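Structural overview
Listed here are the chains, written in short residue letters.
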Amino acid sequence: MDIVAVVMASGFSKRMGTNKLLLKHNGKEIFKYIIDKINKVDFYKKVIITNNKEIIDYSLKNDFVVIKNPNADLGQSQSVILGTSYCIKKAHMFFVADMPFLKVETIKKLKENFDGKKILAPKVCGLKKNPVIFPAHFNEKLKGIKNDAGGMSIAKKDDIKFVNFSDSLEFLDIDTRENYERYCDF
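What you see as residue numbers is a count from 1 along each chain, following the sequence as written. Note on the predicted model: pLDDT of at least 70 is required for a residue's local features to be given, and 80 or more for side-chain atom pairs to be given and counted; whole-chain, interface and lining totals, by contrast, use all residues. Excluded from the side-chain calculation are hydrogens and water; included are all heavy atoms of the structure.

Section: the overall build of the protein chain
Working definition: helices are DSSP H or I runs of at least four residues, strands are E runs of at least two. Numbering for both runs from the N terminus. A count of helical and extended segments in the protein chain gives six helices and ten strands. What makes two residues a contact is simply this: any of their non-hydrogen atoms within 4.5 Å. Restricting to contacts in the protein chain with at least 6 residues of sequence separation, those with at least 24 account for 68%. For the area figures, the Shrake-Rupley method with a 1.4 Å probe applies, and any residue is considered shielded solely by the protein chains shown. Accessible area for the protein chain stands at about 9,200 Å²; split by element, carbon and sulfur atoms hold 48% of it.

Digging into the confidence of the model for the protein chain
Confidence of the predictor at the level of single residues is given by pLDDT, which spans 0 to 100. Counting all residues, the mean pLDDT for the protein chain is 86, and 87% of those residues have values of 70 or more. The secondary-structure element of the protein chain with the lowest mean pLDDT is helix α6 (residues 177–183), recorded at 69, while helix α4 (residues 104–113) shows the highest, at 97.

Describing the environment of Asp 42
As for its position among the elements, Asp 42 is in the loop between α1 (30–38) and β4 (45–49). Residues Asp 42 and Lys 111, 69 residues apart in the sequence, show an inter-C-alpha distance of 9.5 Å.

Description of the nonpolar core
One finds Val 7, Ile 34, Ile 38, Phe 43, Met 93 and Phe 95 to be the most contacted residues of the largest nonpolar core, which totals 50 residues. When residues of this core are assigned to their parent elements, the largest contribution, six residues, is made by strand β1 (residues 3–8). Apart from the residues within four sequence positions on either side, Val 7 is in contact with Ile 34, Ile 38, Val 47, Ile 48, Ile 49, Phe 64, Phe 95 and Ala 97. Leu 23, Ile 30, Phe 101 and Ile 174 belong to the second-largest nonpolar core, a separate cluster that totals five residues. The term nonpolar core refers to a set of buried residues drawn from Ala, Val, Leu, Ile, Met, Phe, Trp, Tyr and Cys, joined through side-chain atoms within 4.5 Å. The rule is simple: take the accessible area with a 1.4 Å probe, protein chains only, and divide by the maximum for that residue type; under 20% is buried, over 50% is exposed, in between is partly exposed.

Considerations on helix α3 (residues 76–86)
Taken together, the buried positions of α3 are Ser 77, Gln 78, Ser 79, Val 80, Ile 81, Gly 83 and Thr 84. Contact partners of the buried residues in α3: β1, β4, β6 (91–96) and α5 (139–142).

Structural notes on the packing of aromatic side chains
Aromatic pairing here means that ring centres of Phe, Tyr or Trp (its six-membered ring) are within 6.5 Å. Orientation follows from the plane angle: under 30 degrees is stacked, over 60 is edge-to-face, and everything else is tilted. For the coordinates displayed, the defined rule picks out four aromatic pairs. Arranged with centres 5.6 Å apart and planes meeting at 85 degrees, the rings of Phe 31 and Tyr 58 form a pair that is edge-to-face. You can see Phe 31 sitting in helix α1 and its partner Tyr 58 sitting in helix α2 (residues 53–61), a full 27 residues away along the chain. The exposure class of Phe 31 is buried, given its relative accessible area of 1%. The class for Tyr 58 is buried, based on a relative accessible area of 19%. For a Lys NZ or an Arg CZ to count as sitting over a ring, it must be within 6 Å of the ring centre and within 35 degrees of the ring normal. Across the ring face of Phe 162, the terminal group of Lys 123 is positioned such that the distance to the ring centre comes to 4.0 Å.

Notes on the pattern of salt bridges
One speaks of a salt bridge when a side-chain nitrogen belonging to Lys or Arg is within 4 Å of a carboxyl oxygen belonging to Asp or Glu. Summed over the entire model, instances satisfying the criterion amount to seven salt bridges. Its salt-bridge partner being Asp 57, residue Lys 53 comes within 2.8 Å of it at the nearest N-O pair. Of this pair, Lys 53 and Asp 57 both sit in helix α2, four residues apart, roughly one helical turn. What makes Lys 53 exposed here is its relative accessible area of 60%. Overall, the relative accessible area of 31% leaves Asp 57 in the partly exposed class. A single network of salt bridges, built from pairs that share partners, joins Lys 24, Glu 29 and Lys 32.

Points about the environment of Asp 63
Within the secondary structure layout, Asp 63 lies in the loop between α2 and β5 (65–67). Residues Asp 63 and Lys 45, 18 residues apart in the sequence, show an inter-C-alpha distance of 9.0 Å.

Here we look at the side chain of Asn 69
On the secondary structure map, Asn 69 appears in the loop between β5 and α3. We define a polar contact as two N or O atoms separated by no more than 3.5 Å, with the added condition that, inside protein, one atom must be a possible hydrogen donor and the other a possible acceptor, whereas residues neighbouring each other in sequence contribute only through side-chain atom pairs. At a separation of 3.4 Å, a polar atom in the side chain of Asn 69 contacts the side chain of Ser 79.

So, unusual backbone geometry
Cis geometry marks the peptide bond from Asn 130 to Pro 131; its omega dihedral reads 5 degrees. You can see Pro 131 is positioned in the loop between β8 (127–128) and β9 (132–134). Phi is positive for Asn 26, which is not a glycine, with a value near 55 degrees. Assignment of secondary structure puts Asn 26 in the loop between β2 (24–25) and β3 (28–29). In this model, Cys 125 sits at a positive phi of 50 degrees, which is unusual for a non-glycine residue. Along the chain, Cys 125 falls in the loop between β7 (119–124) and β8. For Cys 125, a relative accessible area of 70% translates into the label exposed.

And the structure:
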């Protein structure tokens, strides 16, 4: 099944106080982990939404389509809208760029469990996590979200299928200085 990988990397890292995607974990910028892992999985297209030159340069070298986000200040919805609009007739797997611990095997497992009918999301300890796959028939609704709402804001309970995982660290996104210092800065 054709799925477009969409990496959302145009936020402002307000809780971190600096661009968290450029911080290093084991000598490598955090954003590079998700790009490198997506490159090990078969996707119809690979897209990144960003305004950062360093992220743009690295993404282009790795065969990603780069889409700049002129309305990043309006919130996460703008990345979802831009990513969805790129291939309107395809399913989309939305990734956040601050998840350095996500495993390639997990991305593959999510893709394998996607049926093209329901939204597919990982769940750890009862909590929904990223990345999330949206079937193409949700694209028009995704293009209508507003502000800092993510794609799940359009979903009803019956629209979602979950895949359970047990490793909560794998799904950790680095949003705060505390998370960075605890998990990445070693």
